[in-house]
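# Structure at a glance
This is what each chain is made of:
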Amino acid sequence: MKLSEVAKAVNGVPEGDAGIELHAMASLSEAREGDVSFLANPKYAAQMKDTKASAVLVAKDYEGETPAALIRVDDPNKAFAALAPIFGPKPVIREPGIHATAVIGEGVTLGKDLYIGPYTVIEDGASIGDGTVIEGQVFIAQNVSIGKNCHLYPQVNIRESCVLGDRVILHAGVKIGTDGYGYTVEIGAQGPVITKVPQVGIVEIGNDVEIGSNTCVDRARFGRTRVGDCVKIDNLVQIGHNVQIAPFVGIIAQAGIAGSAKIETGALIWSQAGVSGHLTVHERAQVAPQAGVKEDVPEGEYVAGTPAIPKRKFAEGLLLPRLVEKLKKKVADLEAKVKALESR
Amino acid sequence: MKLSEVAKAVNGVPEGDAGIELHAMASLSEAREGDVSFLANPKYAAQMKDTKASAVLVAKDYEGETPAALIRVDDPNKAFAALAPIFGPKPVIREPGIHATAVIGEGVTLGKDLYIGPYTVIEDGASIGDGTVIEGQVFIAQNVSIGKNCHLYPQVNIRESCVLGDRVILHAGVKIGTDGYGYTVEIGAQGPVITKVPQVGIVEIGNDVEIGSNTCVDRARFGRTRVGDCVKIDNLVQIGHNVQIAPFVGIIAQAGIAGSAKIETGALIWSQAGVSGHLTVHERAQVAPQAGVKEDVPEGEYVAGTPAIPKRKFAEGLLLPRLVEKLKKKVADLEAKVKALESR
Amino acid sequence: MKLSEVAKAVNGVPEGDAGIELHAMASLSEAREGDVSFLANPKYAAQMKDTKASAVLVAKDYEGETPAALIRVDDPNKAFAALAPIFGPKPVIREPGIHATAVIGEGVTLGKDLYIGPYTVIEDGASIGDGTVIEGQVFIAQNVSIGKNCHLYPQVNIRESCVLGDRVILHAGVKIGTDGYGYTVEIGAQGPVITKVPQVGIVEIGNDVEIGSNTCVDRARFGRTRVGDCVKIDNLVQIGHNVQIAPFVGIIAQAGIAGSAKIETGALIWSQAGVSGHLTVHERAQVAPQAGVKEDVPEGEYVAGTPAIPKRKFAEGLLLPRLVEKLKKKVADLEAKVKALESR
């Protein structure tokens with residue numbers, strides 16, 4: 001698309017060679033030739049000077065140097081988003097229908113306007129709500145219940161009897177309802193005897209939950225592992241058995257929550273953090289990336305480090321080397337003075 | 001089920017409204033209305049006061065306040081476990097049989113009483129022992145050997161020529177026999193030349209091993225990556241090429257063992273810990289959650305931190321800020337005293 | 001194979017019982033009875049004394065004690081590699097062809113000499129280059145473009161419109177093009193309202209890239225998440241949306257790169273390390289295992305710790321306990337001296 005055409009599409013005014021060809025969208029710093037970019041936040045204005053974008057959407061009153069052509073618009077943020085249907089990937093639309101290769105068991109309840117993709121297996125007794133999209137190569141085990149308007153991407157597995165609410169998104173490779181890690185160890189006459197503890201609970205996921213690729217949520221020992229409404233979980237996260245996650249919690253990539261921990265409403269667990277079992281991260285608390293929580297986190301507290309401590313204390317700890325260096329000098333100074341006094 | 005019926009099922013004596021309806025099982029702290037719970041460990045007695053459970057299994061002589069109805073039994077722990085077949089998910093039974101859609105290659109040896117699920121692929125030359133269950137959507141590559149009474153969940157992949165013992169459980173998404181991370185780097189005239197090192201070994205897994213969802217075990221450069229008998233590995237764990245894991249080792253979620261490391265009998269690697277390559281974690285040693293092991297861990301030692309040090313030393317390190325604070329005060333005190341002495 | 005036969009195969013001279021049976025290959029420390037091993041690096045010479053290998057390939061002039069039989073060769077390293085076709089797993093050869101069960105959509109462009117395995121799905125508008133191998137149970141969504149001579153292992157998923165170069169290897173379970181983790185949060189009258197931010201970009205992967213099992217690469221918010229030529233990524237790694245990875249970068253197992261971070265040419269991100277969003281790891285910098293990068297890493301710098309600091313400073317920090325111990329003694333000493341002075 002030519003600069004002039006893109007300008008027209010966003011109701012903007014082009015500035016520069018109207019014949020420039022634009023192929024894709026990118027941020028100012030990521031752009032290369034042929035890309036259209038945008039400047040909405042003044043924080044990024046400095047990137048205008050050496051952006052590789054061929055054209056940039058800017059505010060009407062923008063002033064500044066740039067090698068790129070400009071398109072002046074009322075709201076660069078909105079205008080850029082409006083370009084997504086043009087330059088972004090063609091959206092995938094799943095028309096209702098069940099692929100001929102899908103294997104549907106006995107006693108399965110299927111809602112209206114479902115999509116079920118190729119090579120997906122839905123076992124006996126499962127039920128799927130209206131409007132839900134289950135892509136290809138998904139495995140839904142016996143007696144699973146899935147609500148309305150959910151979207152399950154390929155290679156998801158949901159083990160028997162687990163329950164999903166409405167509008168749940170499970171990305172590719174998510175595993176729901178795996179046995180929790182539980183064994184008893186006895187020392188017998190011939191050495192240790194390790195016995196698997198039966199994991200006879202389920203996973204119960206609320207409404208409006210989104211779970212990232214290859215994340216695992218273990219079923220409960222008894223009862224249910226719970227993921228509350230509006231919880232958003234990133235990729236490669238581990239949720240142990242019997243964990244209780246309240247609504248509106250966020251858990252970022254590669255974090256892990258050990259068995260029976262509770263994460264209360266509005267809490268945020270950042271990437272690669274770990275929460276030990278049988279403790280509580282209270283409402284609106286945050287756990288810093290890579291932190292290791294070993295005791296309850298109070299309401300609203302932000303903890304960091306391993307073991308995790310309040311952020312302020314953690315920051316103080318980082319100053320320790322400088323503090324010790326200063327003390328070292330003071331002590332050397334004192335030693336000299338004391339020596340002088342002693343020899344008086 | 002009514003309270004009275006549940007009481008009857010566990011040979012207990014109901015106390016409270018016999019008509020209460022019970023639907024599910026949960027621990028005291030996780031329970032909600034309609035749940036039956038139990039009190040076995042006196043440690044949790046305090047939770048009786050505000051449990052949301054509708055009924056609780058308690059010992060015959062239990063005394064204490066609770067809003068819940070009670071069922072008095074001889075052994076609350078056992079009685080609760082006995083309720084799992086009633087309230088827990090209906091168990092999945094895989095009757096022997098091979099699904100019509102399973103693709104079985106040439107020269108495959110199949111034992112008796114096998115189950116092979118829909119859309120599973122078993123390639124040429126593989127052999128599967130008696131009584132093994134291979135769920136749907138599993139991919140077993142050429143010449144893999146699997147023992148008796150194993151259970152492979154959906155979306156497992158086992159690469160060519162790997163070997164599994166008897167009674168091995170691989171949960172959904174486990175990948176066995178991926179190429180290890182190995183390259184040679186040469187700086188050529190036109191820049192670096194990176195060459196893949198062929199990974200021509202296998203993975204050999206002993207008897208009674210259980211491996212959690214989405215865990216990866218890399219094949220050896222030469223020879224075999226080994227996972228010994230009775231090893232229990234949790235979800236999302238990384239086992240590098242040529243790692244040697246002795247029997248009775250436990251590895252908790254998201255931990256990683258780098259290439260050619262040895263983990264000796266009875267060692268425990270806790271969650272999110274990392275063990276560097278080419279070193280040994282000796283018998284019954286433990287590596288704390290998130291610890292980073294950079295040198296051999298002696299027999300029976302418990303190490304923590306990055307780099308990992310003995311737990312006692314690690315704990316001392318945590319006291320450092322307080323120690324420095326004290327020193328700071330002492331030094332200030334000394335400075336004042338020395339100043340006073342100097343001005344005498 | 002007998003010792004004498006193995007010796008013949010590598011043009012070597014056997015020393016010991018010519019009738020010894022050899023079954024497999026292993027390093028000196030990993031070997032057991034029936035294994036053939038090798039000694040190339042003198043660093044491992046001490047392992048000769050108690051190796052369990054039945055035979056060892058050694059240099060012509062090797063001298064030393066060992067319970068193993070010997071095979072003297074010109075170059076033990078090369079000779080050992082030459083044994084891989086004999087003792088290693090039978091290589092898997094994928095003859096060109098499309099399995100009858102593969103589901104190929106409309107408007108798909110297929111190159112020459114392709115292999116497409118059982119139960120693989122390739123959706124409308126996708127294109128696959130010459131000589132590419134796509135194993136069974138792979139899911140390629142609409143309009144994906146894959147180059148020549150790639151190899152995709154089972155259970156890989158590539159979401160719509162993503163682009164792969166030539167000679168790309170994706171190991172089992174890799175997920176390319178998952179939605180990035182992006183939401184807006186507003187506090188409404190009835191509590192928080194969380195809205196998913198549309199992720200309408202793609203992932204673009206260069207030539208000669210290899211990505212390990214169960215690794216996830218998120219699609220861009222707009223534009224593209226980029227993985228440059230010759231990038232090598234290990235298992236269970238997380239690459240966030242809009243991340244830009246330059247050519248010749250290495251990322252080791254379980255590391256995570258947050259949204260919009262840039263990793264420049266030749267940088268190395270070690271295992272379980274984390275890089276925060278919107279920052280740059282500059283050329284040839286290295287991030288130590290488990291380090292947590294919170295600000296830009298300068299060219300060629302090696303950083304460690306959380307938050308990550310230059311390795312030298314990190315090493316100094318490790319000496320802090322000893323330094324404080326020394327200071328404590330000095331302060332006690334000074335206190336005694338000052339007391340003595342005061343009482344003069």
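Residues numbered from 1 in each chain as written. Chains lettered and ligands numbered in written order. Predicted model: local features only at pLDDT ≥ 70, side-chain atom pairs only at ≥ 80, totals over all residues. Heavy atoms only, no water.

## Quick look at the overall build of chain A
Across its full length, chain A carries 5 helices and 38 strands. In summary, chain A has a C-alpha radius of gyration of 28 Å against a globular reference of 20 Å for 344 residues, an excess of more than 25%. Here the C-alpha coordinates of chain A stretch approximately 100 × 80 × 35 Å along the principal axes. Every one of the 344 residues in chain A was classed for burial, and the buried ones make up 55%. Nonlocal contacts in chain A, meaning residues at least 24 apart in sequence, comprise 17% of its contacts between residues at least 6 apart. Taken as a whole, chain A presents about 14,100 Å² of accessible surface, with 52% of it coming from carbon and sulfur. (Helix = DSSP H or I, 4+ residues; strand = E, 2+ residues; numbered from the N terminus. Rg over C-alpha atoms; globule rule 2.2 N^0.38 Å. Buried < 20%, exposed > 50% of the residue type's maximum accessible area, 1.4 Å probe, protein only. Contact = heavy atoms within 4.5 Å. Areas by Shrake-Rupley, 256 points an atom, 1.4 Å probe, with all protein chains shown as cover.)

## Things to note about the relation of the copies chain B and chain C
Mapping chain B onto chain C is achieved by rotating through 120 degrees and translating by 0.0 Å along the same axis, at an RMSD of 0.1 Å. When the rotation and shift are considered jointly, the pair of chain copies conforms to a three-fold rotation axis. (Least-squares fit on C-alpha atoms with pLDDT ≥ 70 in both.)

## Comments concerning unusual backbone geometry
A:Pro307 follows A:Thr306 through a cis peptide bond whose omega is -5 degrees. Positionally, A:Pro307 belongs in the loop between β37 (302–304) and β38 (309–310). Although it is not a glycine, A:Arg167 sits at a positive phi angle of roughly 55 degrees. With respect to the secondary-structure elements, A:Arg167 resides in the loop between β17 (163–164) and β18 (169–170). Of note, B:Asp113 is a non-glycine position whose phi angle comes to about 55 degrees, a positive value. Its location among the elements puts B:Asp113 in the loop between β8 (109–110) and β9 (115–116).

## Topic: the confidence of the model for chain A
Chain-level pLDDT for chain A is 96 on average; 100% of the residues reach the 70-or-more range. Across the interface, the model reports ipTM at 0.94; the global pTM reads 0.95. (pLDDT = per-residue confidence, 0-100.)

## Focus on the packing of aromatic side chains
Scanning all chains against the criterion turns up 12 aromatic pairs over all chains. Look at A:Tyr119 and C:Tyr119: their rings are 4.7 Å apart centre to centre, the planes differ by 70 degrees, and that puts the pair in the edge-to-face class. Of this pair, A:Tyr119 sits in the loop between β9 (115–116) and β10 (121–122) while C:Tyr119 sits in the loop between β9 (115–116) and β10 (121–122), on two different chains. With a relative accessible area of 5%, C:Tyr119 lands in the buried category. (Phe/Tyr/Trp six-rings, centres within 6.5 Å; stacked < 30°, edge-to-face > 60°.)

## Examining the state of the cysteines
As enumerated under the stated definition, the model contains 0 disulfides over all chains in all. Cysteine A:Cys230 shares no disulfide, and the gap to the nearest cysteine sulfur, in A:Cys150, comes to 13 Å. A residue is classified by how much of its surface remains accessible, and A:Cys230, at 16% relative accessible area, is buried. B:Cys216 carries a free sulfur, and the closest cysteine sulfur to it, the one in C:Cys216, is 10 Å from it. On the basis of relative accessibility, which here comes to 0%, the residue B:Cys216 falls in the buried class. (Disulfide = S-S within 2.5 Å.)

## Some details on the pairing of strand β22 (residues 202–205) of chain A
Residues and elements named next belong to chain A. Here β22 shows a buried face lined by Ile202 and Glu204 and a second buried face lined by Val203 and Ile205. Note: β22 against strand β25 (residues 224–227), 4 bridges, orientation parallel. From the neighbouring strand, isoleucine 205 faces β25, where its bridge partner is valine 227. (Pairing = 2+ DSSP bridges.)

## Focus: the interface of chain C and chain A
Put simply, an interface is often sized by how much accessible area is lost when its parts join up. Taken together, the contact between chain C and chain A spans 70 residues of the former and 62 residues of the latter. Regarding the contact of chain C and chain A, the summed buried area is about 5,000 Å², with carbon and sulfur atoms giving 59% of it. Broken down residue by residue, the surface that chain C buries against chain A is led by C:Tyr181, C:Phe222 and C:Arg224, which jointly contribute 13%. The tally of links between chain C and chain A comes to 4 salt bridges. Residues C:Glu123 and A:Arg94 are paired through a salt bridge, measuring 2.8 Å at the closest nitrogen-oxygen approach. Counting every contact that joins chain C to chain A gives 31 residue pairs in polar contact (both at pLDDT 80 or more). Going through the elements one at a time, β19 (175–178), β21 (191–196), β22 (202–205), β24 (216–218), β25 (224–227) and α5 (320–342) of chain C are the ones with two or more residues in the side of chain C that touches chain A. By residue number, the principal contributor to the side of chain C that touches chain A is α5(C), which donates 10 residues. In terms of residue class, the side of chain C that touches chain A is built from 29 nonpolar, 25 polar and 16 charged. (Buried area = accessible area lost by both parts, 1.4 Å probe. Salt bridge = Lys/Arg side-chain N within 4 Å of Asp/Glu carboxyl O. Polar contact = N/O pair within 3.5 Å; in protein donor to acceptor, adjacent residues only side chain to side chain. Nonpolar A, V, L, I, M, F, W, Y, C, P; charged D, E, K, R; others polar.)

## What about the nonpolar core?
For soluble globular proteins, nonpolar side chains are generally found buried alongside one another. Residues and elements named next belong to chain A. Grouped together as the largest cluster of nonpolar side chains are 57 residues, with contacts concentrated most on Leu152 and Ile158. Of all the secondary-structure elements, those providing two or more residues to this core are β22 and β37. For this core, the element with the highest residue contribution is β22, accounting for 3 residues. With sequence-adjacent residues up to four places away left out, leucine 152 is seen in contact with Val133, Ile134, Glu135, Val138, Ile140, Ile146, Ile158, Leu164, Val168 and Leu170. (Core = buried A, V, L, I, M, F, W, Y, C linked by side-chain atoms within 4.5 Å.)

## Side note on the side chain of A:Glu160
The residue A:Glu160 is located in the loop between β16 (157–158) and β17 in this model. Once residues lying within four places of it in the same chain are set aside, the contact partners of A:Glu160 are A:Ala141, A:Gln142, A:Val144, A:Arg219, B:Pro89, B:Lys90 and B:Val92.

## What about the side chain of B:Glu210?
Here B:Glu210 is to be found in strand β23 (residues 210–211). Within the local environment of B:Glu210, its side chain forms a polar contact with the side chain of A:Tyr183, the two groups lying 2.9 Å apart. With near-sequence residues (within four places) excluded, B:Glu210 lies in contact with A:Asp179, A:Tyr183, A:Lys196, B:Ile169, B:His171, B:Val231, B:Lys232 and B:Ile233.

## Describing the pattern of salt bridges
Close approach of charged atoms lets side chains of opposite charge pair. Within this structure, the stated rule accounts for 51 salt bridges over all chains. Salt-bridge contacts for A:Arg72 lead to A:Glu15; the nearest nitrogen and oxygen are separated by 2.4 Å. Here the residue A:Arg72 occupies a position in strand β5 (residues 69–73), and A:Glu15 occupies one in strand β1 (residues 13–15), the gap between them amounting to 57 residues. Since its relative accessible area comes to 36%, A:Glu15 is described here as partly exposed. C:Glu204 is the salt-bridge partner of A:Arg32, the closest N and O atoms lying 2.6 Å from each other. Taken as a pair, A:Arg32 in the loop between β2 (24–25) and β3 (35–38) and C:Glu204 in strand β22 lie in two separate chains rather than in one. Judged by relative accessible area, A:Arg32 falls into the partly exposed class, the value being 26%. Where salt bridges share partners, they join A:Arg159, A:Glu160, A:Asp179, A:Lys196, A:Arg219 and B:Glu210 into one cluster.

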